[in-house]
Amino acid sequence: GAGVSQTPSNKVTEKGKYVELRCDPISGHTALYWYRQSLGQGPEFLIYFQGTGAADDSGLPNDRFFAVRPEGSVSTLKIQRTERGDSAMYLCASSVFGTSGSEQFFGPGTRLTVL
Amino acid sequence: DAKTTQPPSMDCAEGRAANLPCNHSTISGNEYVYWYRQIHSQGPQYIIHGLKNNETNEMASLIITEDRKSSTLILPHATLRDTAVYYCIVRVALGSARQLTFGSGTQLTVLP
């Protein structure tokens, strides 16, 4: 079946602009995660959804970052007033809540570049 | 979640076994050891996980020491496509959909 998909694959924007990054999880997966990965480092957790609600948003760096998952499937990560430091790979993952091991399946990521 | 320590890089000859070590000396009794890998320009991929018994699947084997303070991921016959960053992660599992805490991982380079 289809894996996790993310769009766009690449996004170039200017400092101060608003961007939206989309994640389509695997069908039936109730848990959805956003991570951010800077060059040469491992992914860092941003936010986790269980269904429609954000169960843990402790990784969001500041209030410019916001994410939604209104119908419990597709999620959008929104970044306001982008800064050059926001440039990174943004990864989305999904998993089946309650299964042993809670394996997370990752998408290919969106490469965000803020000029 | 317990912190892990991995060597930053390793090389392995194609066709040979790749043995990737991980130290997790502060692991708790209810924490599992997970391994993910990330091939360049792709998202991380789950490999295997275990609690205290050795585990094997179609991708790899996981050997956990008796005191659970360290483990080794074994790729029995490494290929060029196994070149990737390998992450060892310790976390509570069994129904808990908690986030993964990645370290810097080990860059494995499989040489022809």
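This section reports on the structure supplied with the text. Not measured: the values here are computed from a predicted model.

A closer look at the nonpolar core
Residue and element names in this part refer to chain B.
- Counting 21 residues, the largest nonpolar core has Leu20, Trp35, Leu73, Leu75, Tyr86 and Leu108 as the members making the most contacts within it.
- At the level of elements, strand E2 (18-23), strand E3 (31-38), strand E4 (45-50), strand E6 (61-64), strand E7 (70-75), strand E8 (84-92) and strand E9 (106-111) are the ones that each hand at least two residues to this core.
- For Leu108, the residues in contact, after removing those within four places along its chain, are Met10, Asp11, Cys12, Ala18, Leu20, Leu75, Asp82, Thr83, Ala84 and Tyr86.

Observations concerning unusual backbone geometry
- For the peptide bond that leads from Thr7 of chain A to Pro8 of chain A, omega is -10°, which places it in the cis range.
- With respect to the helices, strands and loops of the structure, Pro8 of chain A is situated in the loop between strand E1 (5-7) and strand E2 (10-13).
- Backbone geometry places Arg81 of chain A, a non-glycine residue, at a positive phi of 45°.
- One can find Arg81 of chain A in the loop between strand E8 (75-79) and strand E9 (88-95).
- On the basis of relative accessible area, Arg81 of chain A is assigned to the partly exposed category, the value being 46%.
- For Ser41 of chain B, which is not glycine, the phi dihedral falls at a positive 70°.
- Structurally, Ser41 of chain B can be placed in the loop between E3 and E4.
- Classification of Ser41 of chain B as exposed rests on a relative accessible area of 53%.

Notes on the sheet that holds E8 of chain A
All names here are of chain A.
- Strand order in this open sheet of four strands is E1-E3-E8-E7, and the pairing throughout is antiparallel. Across the chains shown, the open sheet's two edge strands, defined by having one partner strand only, are E1 and strand E7 (65-68). Here the average twist between neighbouring strands, direction ignored, is 15°.
- In this sheet, E8 lies alongside strand E3 (residues 19-24) in antiparallel orientation, the contact comprising five bridges. Bridging across to E8, Arg22 finds its partner in Thr76.

What counts and what doesn't
Residues numbered from 1 in each chain as written. Chains lettered and ligands numbered in written order. Predicted model: local features only at pLDDT ≥ 70, side-chain atom pairs only at ≥ 80, totals over all residues. Heavy atoms only, no water. Core = buried A, V, L, I, M, F, W, Y, C linked by side-chain atoms within 4.5 Å. Buried < 20%, exposed > 50% of the residue type's maximum accessible area, 1.4 Å probe, protein only. Helix = DSSP H or I, 4+ residues; strand = E, 2+ residues; numbered from the N terminus. Contact = heavy atoms within 4.5 Å. Pairing = 2+ DSSP bridges. Axes fitted to C-alpha atoms, helices over the stretch in contact; angles between N-to-C directions.

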